[in-house]
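A structural walkthrough
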Amino acid sequence: MPPPPPIPIPDPEQIIEGIADISDDPADKTINTSNLYRTDPDGYGIVREYLHGRPSITPDKHYSLAEVSDSPYMATEDSSDFQATSRTFLSPLQTLYQSAASTAQTIFTPFRNPSIYHLMTWFYRPESNTKSITELNSLVKDVILAPDFKADDLVGFDAKKENKMMDAYREAPSESEGPSPFTFDDTWIKGSVEIPLPCDGVKQSEEEAPKFKVEVYYRRLTEVIKAALSEPAAENFHMFPFKEFWKPGPDELEEQMYWESYTGDRWNEEYTKIHADNQEGLHHNLEAVLIALKIWSDSTSLAQFGNAQMWPIYLFFGNQSKYSRAKPSSFSAHHIAYMPKVCLKFFQL
Amino acid sequence: MFGKAATAATLTHLRRELAHAVWMLLLDDEFMHAYIHGFVFQLVDGILRVFFPRFLTYSADYPEK
């Protein structure tokens, strides 16, 4: 197992414009090298090359050792100060909190009082699925020691009741309040597909064959992507591909390094295409971003007894570093469909 | 339906048909439009960008099994 990746990436401010070789061949338009950005070598002598200019997002600066390791019992540096200053992505509850400042709402909407708000926010922090030292610190610092925390507020507290209220809150958003921060159009849809049934030994065309209707639960793919891009985890998504090079010695040739799909040639090539297409498209004034979908599906038993099975289809994002994506606690798998298993019973009716 | 049980080959075929049908459902018009023209979305940094979804990997067991 290799050690964690070296992550010291220069700030965008430190990225300087490189002078690239301008191709003499005017027909060579596949890569417009005049826009190439090359970073200064970092502490390991590694340089990055962005084909289409300085990236507007370099998420690696957010990474700390705690984010790429997964031991709940390891005391990590307190990252709460860091989060307060550099986090731009907020959980829905925090979004509410922020938007409340500009409206007449109380800051703890939809909860009865600030104490319950702090407690619920702590519970639904994205990284709070396992309790750890960091979490415990946060409970004390962010909840119990909050200036507006009062133990009296919690009389009659019931987590189930609070959850129900959150579910019901602004299900029908009114225009004055804006869209509810809990609402995405990525809910599950009950759909159905029809597949033509062939009969062994009988010749018939596909159109004439009887149809069998199968119910499928799925989510709209585009909406799932949008919802994922709004999650706090998206802050660490790599939106722009790059190539990385390392020079072993002053007299030696540069070696290209591959360690994530967004450092790969294929992604760089495809991004070049998208970038070029977008220049001619309707939104040529906006920056193009490639979202890499990684689909995974495997037949899954639904219970430890019986043989109920189905095929879930999962979606992962290649834009997310593998070090975060592979952590079960990062919840980076998005479920997009549940396929039932066609079984023999259908035919014995 | 036909008064007899389906053979393994037919079941295999049907499972493949189902998987394809589900993907027809998932790759809806909205997605296909986004695939070709991109979709505009605002990240929380407040900047609008155009996002182009691409399939990087597809790993699945054979639905035919």
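Just so you know, these numbers come straight off a predicted model, no measurement behind them.

Before going further, it helps to examine the overall build of chain B. The number of helices and strands found in chain B is two helices and two strands. Ordered by position from the N terminus, the helices and strands of chain B form the series α-α-β-β. By the burial criterion, 42% of the 65 residues in chain B qualify as buried. At a minimum sequence separation of 6, the contacts of chain B that also span at least 24 residues come to 27%. When the accessible surface of chain B is split by element, carbon and sulfur atoms take 63% of a total near 3,500 Å².

Next up on the list: helix α1 (residues 8–26) of chain B. For α1(B), built from 19 residues, the straight-helix expectation of 27 Å at 1.5 Å per residue is met to within 8% by its first-to-last C-alpha distance of 27 Å. Those residues of α1(B) that fall on the buried side of the exposure criterion are Thr10(B), Leu11(B), Leu14(B), Arg15(B), Glu17(B), Leu18(B), Ala19(B), Ala21(B), Val22(B), Trp23(B) and Leu26(B).

Residues and elements named next belong to chain A. Across the sheet, which stays open at both edges, the four strands sit in the order β1-β2-β5-β6 with antiparallel pairing between neighbours. With one partner strand each, in any of the chains shown, β1 (37–38) and β6 (255–257) form the two edges of the open sheet. Strand direction decides the pairing type here: β1 and strand β2 (residues 46–50), joined by two bridges, are antiparallel. If you follow Tyr37 over to β2, its bridge partner there is Tyr50.

Bringing helix α7 (residues 221–229) of chain A into the picture now. Within α7(A), nine of the nine residues are buried, leaving the element largely enclosed by the surrounding structure. Burial in α7(A) covers these residues: Leu221(A), Thr222(A), Glu223(A), Val224(A), Ile225(A), Lys226(A), Ala227(A), Ala228(A) and Leu229(A).

Before going further, it helps to spend a moment on the pairing of strand β10 (residues 334–340) of chain A. Residue and element names in this part refer to chain A. Looking at chain direction, strand β4 (residues 211–219) and β10 are connected through two bridges and run antiparallel. The residue bridging Tyr218 from the neighbouring strand is Ala337, located in β10. Pairing geometry for strand β9 (residues 309–317) and β10, over six bridges, is antiparallel. Residue Leu315 lies in a different strand from β10, and its bridge partner there is His334.

Each side of the interface is counted separately: chain A has 63 residues, and chain B has 45 residues. Each partner contributes to the roughly 5,100 Å² buried at the junction of chain A and chain B, and carbon and sulfur atoms together form 70% of this total. If you look at where chain A meets chain B, you find 16 residue pairs in polar contact (both at pLDDT 80 or more). Split by residue class, the side of chain A that touches chain B holds 39 nonpolar, 13 polar and 11 charged.

A few words now on the packing of aromatic side chains. Residues and elements named next belong to chain A. Taken as a whole and judged by the stated rule, the model has 15 aromatic pairs over all chains. Seen in terms of ring centroids, Trp188 and Tyr338 are 4.8 Å apart; in terms of plane orientation they differ by 5°. Their pairing is stacked. Taken together, the positions of Trp188 in strand β3 (residues 188–196) and Tyr338 in strand β10 put the pair 150 residues apart, joining distant regions of the chain. Judged by its relative accessible area of 24%, Tyr338 falls in the partly exposed class. Judged by centre distance (5.9 Å) and plane angle (55°), the rings of Phe242 and Tyr262 are tilted. Note that Phe242 is positioned in the loop between α7 and β5 (243–246) and Tyr262 in the loop between β6 and α8 (265–280), a separation of 20 residues in sequence.

On the surface, a nonpolar cluster with roughly 270 Å² of combined accessible area is contributed by Val140(A), Ile144(A) and Leu145(A). Given the relative accessible area of 37%, Val140(A) is considered partly exposed.

This part takes up the side chain of Ser115(A). All names here are of chain A. Examined against the element boundaries, Ser115 turns out to sit in helix α4 (residues 114–123). A residue is classified by how much of its surface remains accessible, and Ser115, at 0% relative accessible area, is buried. In this structure the side chain of Ser115 is engaged in a polar contact, spanning 2.7 Å, whose partner is the side chain of Asp153. Among residues more than four places away in sequence, those in contact with Ser115 are Asp148, Phe149, Lys150, Asp153 and Leu154.

The rules behind these values
Residues numbered from 1 in each chain as written. Chains lettered and ligands numbered in written order. Predicted model: local features only at pLDDT ≥ 70, side-chain atom pairs only at ≥ 80, totals over all residues. Heavy atoms only, no water. Helix = DSSP H or I, 4+ residues; strand = E, 2+ residues; numbered from the N terminus. Buried < 20%, exposed > 50% of the residue type's maximum accessible area, 1.4 Å probe, protein only. Contact = heavy atoms within 4.5 Å. Areas by Shrake-Rupley, 256 points an atom, 1.4 Å probe, with all protein chains shown as cover. Expected span 1.5 Å × (residues − 1). Pairing = 2+ DSSP bridges. Buried area = accessible area lost by both parts, 1.4 Å probe. Polar contact = N/O pair within 3.5 Å; in protein donor to acceptor, adjacent residues only side chain to side chain. Nonpolar A, V, L, I, M, F, W, Y, C, P; charged D, E, K, R; others polar. Phe/Tyr/Trp six-rings, centres within 6.5 Å; stacked < 30°, edge-to-face > 60°. Patch = residues over 30% accessible without salt bridge, like charges linked within 9 Å, V, L, I, M, F, W, Y side chains within 5 Å. Salt bridge = Lys/Arg side-chain N within 4 Å of Asp/Glu carboxyl O.

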